[in-house]
Amino acid sequence: MKKFKNSLALLLLSGIISSSISGCTIEVPDDTTSESTEETSIVVDFSSIRAQDDFYGYVNAEYLSDIDVLYYQQDAGAFGSINSNLQELMQNRITEIATSTEEYEYGSKEQRIRDVYNQYIEYYSDDSIRSQNRAEIESVIAEIMDASDIDTLLNTMFEIQNNYGACYDIINLGVQPSDLDPNNYCIAVSFINNVGGVELTDIDEWNNRVSRLEDPVSDYLTVAGVDSETADEYARELAGLALDITWSSNIDLYSASSYYEFEEIVTSEELETIFTNIDYRMIEQAKGIYSNPYGGWLTYDKGQLSAVNELFVEENLNALKAWMVYSVVGSYGDLLVADYPILEQYFSDSLESLELRAISFIAYAGYLNDEISALYVEEAYTDEMDVELRSMCEDIR
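Residues numbered from 1 in each chain as written. Predicted model: local features only at pLDDT ≥ 70, side-chain atom pairs only at ≥ 80, totals over all residues. Heavy atoms only, no water.

A look at helix α12 (residues 302–311)
Here comes step 1: When α12 is considered as a whole, its buried residues turn out to be Q304, L305, A307, V308, N309 and L311.
Here comes step 2: On the buried face of α12, the contacting elements are β2 (185–189), α9 (228–248), β5 (264–267), α10 (268–274), β6 (296–299) and α13 (317–336). (Buried < 20%, exposed > 50% of the residue type's maximum accessible area, 1.4 Å probe, protein only. Helix = DSSP H or I, 4+ residues; strand = E, 2+ residues; numbered from the N terminus. Contact = heavy atoms within 4.5 Å.)

Quick notes on the packing of aromatic side chains
Each aromatic ring pair is summarised here by two numbers: the centre-to-centre distance and the angle between the ring planes.
Here comes step 1: The final tally for this structure, using the stated rule, is 11 aromatic pairs.
Here comes step 2: Ring geometry for Y120 and Y124: centres 4.5 Å apart, planes at 35°, overall tilted. Residue Y120 and its partner Y124 are located together in helix α5 (residues 109–125), separated by four residues, close to a single helical turn.
Here comes step 3: Ring geometry for Y220 versus Y326: centroids 4.8 Å apart, planes at 15°, classification stacked. Of the two residues, Y220 is situated in helix α8 (residues 209–221) and Y326 in helix α13; the sequence distance between them amounts to 106 residues. (Phe/Tyr/Trp six-rings, centres within 6.5 Å; stacked < 30°, edge-to-face > 60°.)

Looking at the side chain of E110
Here comes step 1: Within the element layout of this structure, E110 appears in helix α5.
Here comes step 2: Here E110 falls in the buried class, since its relative accessible area comes to 13%.
Here comes step 3: Only 3.2 Å separates the side chain of E110 from the side chain of K109, close enough to count as a polar contact.
Here comes step 4: The residues contacting E110, other than those within four sequence positions of it, are I97, Y104 and E378. (Polar contact = N/O pair within 3.5 Å; in protein donor to acceptor, adjacent residues only side chain to side chain.)

Quick word on empty space enclosed by the protein
Here comes step 1: Within this structure, the stated rule accounts for one cavity of 30 Å³ or more.
Here comes step 2: Roughly 80 Å³ of internal volume is contained in the largest cavity.
Here comes step 3: Considering the residues around the largest cavity, the lining is formed by I170, I171, V189, S190, F191, I192, T299, Y300, D301, Q304, L305 and V308.
Here comes step 4: Ranked by residues supplied to the lining of the largest cavity, first place goes to α12 with three residues.
Here comes step 5: Classifying every residue of the lining of the largest cavity gives eight nonpolar, three polar and one charged. (1 Å grid on protein atoms, 1.4 Å probe; cavity = no way out; pocket = protein on both sides within 12 Å on 5 of 7 lines; lining within 4 Å. Points joined across faces, edges and corners; volume = space filled by probe spheres on them. Nonpolar A, V, L, I, M, F, W, Y, C, P; charged D, E, K, R; others polar.)

Notes on the environment of I265
Here comes step 1: Summarising the element assignment, I265 is placed in strand β5.
Here comes step 2: Given the relative accessible area of 34%, I265 is considered partly exposed.
Here comes step 3: The sequence separation of I265 and W297 amounts to 32 residues, and the corresponding C-alpha distance is 5.5 Å.
Here comes step 4: The residues contacting I265, other than those within four sequence positions of it, are L180, E270, G295, W297 and L298.

Description of the sheet that holds β2
Here comes step 1: The sheet built from four strands is open, its strands ordered β1-β2-β6-β5 with mixed pairing. On the outer flanks of this sheet lie β1 (173–177) and β5, each paired with one strand and no other. Averaged over all adjacent pairs, the angle separating strand axes in this sheet is 45°, with direction ignored.
Here comes step 2: Strand direction decides the pairing type here: β5 and β6, joined by four bridges, are antiparallel. Within the sheet, the bridge partner assigned to T267 lies in β6 and is G296.
Here comes step 3: Against the sheet, α12 makes contact with β2, β5 and β6, and its axis sits at roughly 45° relative to β5, the strand it touches most. (Pairing = 2+ DSSP bridges. Axes fitted to C-alpha atoms, helices over the stretch in contact; angles between N-to-C directions.)

Some thoughts on the pairing of β2
Here comes step 1: The buried fraction of β2 amounts to four of the five residues, a majority that puts the element mostly inside the structure.
Here comes step 2: For β1 and β2, the ladder comprises five bridges, and the chain directions are antiparallel. By the bridge assignment for β2, G174 is matched with A188.
Here comes step 3: Of the strand pairs in this sheet, β2 and β6 are connected by two bridges, and their pairing is parallel. Following the sheet pairing, A188 is matched in β6 by L298.

Things to note about the pattern of salt bridges
Pairing between side chains of opposite charge can happen when their charged atoms approach one another.
Here comes step 1: Within this structure, the stated rule accounts for 12 salt bridges.
Here comes step 2: In this structure, the salt-bridge partner of R50 is D53, at a minimum N-O distance of 2.6 Å.
Here comes step 3: Using a relative accessible area of 54% as the deciding quantity, one classes D53 as exposed.
Here comes step 4: Note that K302 is salt-bridged to E270, the shortest N-O span being 2.5 Å. Here the residue K302 occupies a position in helix α12, and E270 occupies one in helix α10, the gap between them amounting to 32 residues.
Here comes step 5: In this structure, a network of salt bridges that share partners links the residues R130, R134, E138 and D339. (Salt bridge = Lys/Arg side-chain N within 4 Å of Asp/Glu carboxyl O.)

Overview of unusual backbone geometry
Here comes step 1: Unlike most non-glycine residues, C167 shows phi in positive territory, near 70°.
Here comes step 2: Counting through the fold element by element, C167 comes out in the loop between α7 (150–164) and β1.

Observations concerning the packing of α9 against α13
Here comes step 1: Contact geometry for α9 and α13: axes closest at 8 Å, N-to-C directions at 90°. In terms of their interaxial angle, α9 and α13 are classed as roughly perpendicular. Along its contact with α9, which presents Y234, E237, L238, L241 and I245, the element α13 presents N318, A319, L320, A322 and W323.
Here comes step 2: Along the lines of polarity and charge, the residues of the contact of α9 with α13 split into eight nonpolar, one polar and one charged. (Parallel < 35°, antiparallel > 145°, perpendicular 65-115°, else oblique.)

A word on the nonpolar core
Here comes step 1: Grouped together as the largest cluster of nonpolar side chains are 68 residues, with contacts concentrated most on V195 and F275.
Here comes step 2: If sequence neighbours within four positions are ignored, F275 has contacts with Y280, I283, W297, L305, V308 and N309. (Core = buried A, V, L, I, M, F, W, Y, C linked by side-chain atoms within 4.5 Å.)

Considerations on the side chain of E284
Here comes step 1: Position of E284 relative to the elements: it lies in helix α11 (residues 280–286).
Here comes step 2: In this structure E284 is buried but unpaired, with R281 as the nearest side chain of opposite charge at 6.7 Å.
Here comes step 3: A distance of 2.8 Å separates a polar atom in the side chain of E284 from a polar atom in the side chain of W297.
Here comes step 4: Non-local contacts of E284, meaning those with residues more than four positions away in its chain, are made with L173, I187, I289, N292 and W297. (Lys, Arg positive; Asp, Glu negative; His and termini not counted.)

Laid out in structure tokens, this is it:
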């Protein structure tokens, strides 16, 4: 029971459940026709909603009639109200535990939280460690910029993926259980959903969305010692590649509630014809895959694979460098911001007090999910909430 209760609490805490309220049971009559006489009114008469027109509105009519949505809110609901108070509650409790002098039981959640807090403070208080880490990231960026051809740049990208956890947004393979056949594994290729931090659905050359991509990419390139004019040029080239990728992608994929309908296996023979600029087997081997018993790759967007292949030509070398630098700086900007003021607008949180950063790390980095979930159960997860959440889960079933 306790384990199940913790699991429910973690669902609530992590926001997996929608903030919208749909967990009530209602029988739908055969005919819910109602004529509205308030067509020009700006006040919505929820009692006039018909189930066949708006089932969500019909089911939640009573709740929607009473809810107040403040001007600045993008959504509202019971879970939204809980979450609005939860962040402050949990941060205060974590701060209390982390800074306490109380002797906690060894292995307890409190002891682990305080240990992580103290280790974070100790680590980032050491200027020599920060300087060493900064120098290492700068050397990685220099290696990107020093690549003289596409093959060298590709090898550098795979090294960065494997050793630093960055540059996965360009091309990424992994072995995972197959969604098409759960009893077997497959090599799955992730689809590109953003370039330079801008989602493909937002990329449009006729509005300011492309400039949203160009500006940070250009600023990040200053860390690589690129002058402003050249950085702008590389960023524009990357924006052009982003448009090419967008137009070759199945945009319906990005608004889908499920990816299953888009999944397909691209056979090894098809991969040979798609990847004409690079050897797809090199990509596999770079990820530690030296044989492919699965017959190909599981993909969500076959058309995008062709666009990825078109990226890797010599004329795109500088744009790809810009993309990789953006990814590395985006992952490690907190180590660089103190020495590169131009990054302050992107990593302002890194300039907050060390103590506050340590608390945020504990709360949101995901390394102490079990401890934070258990803490939440103690502090905020009431028996009444447990009953309501179980009831809603039953309704969903």
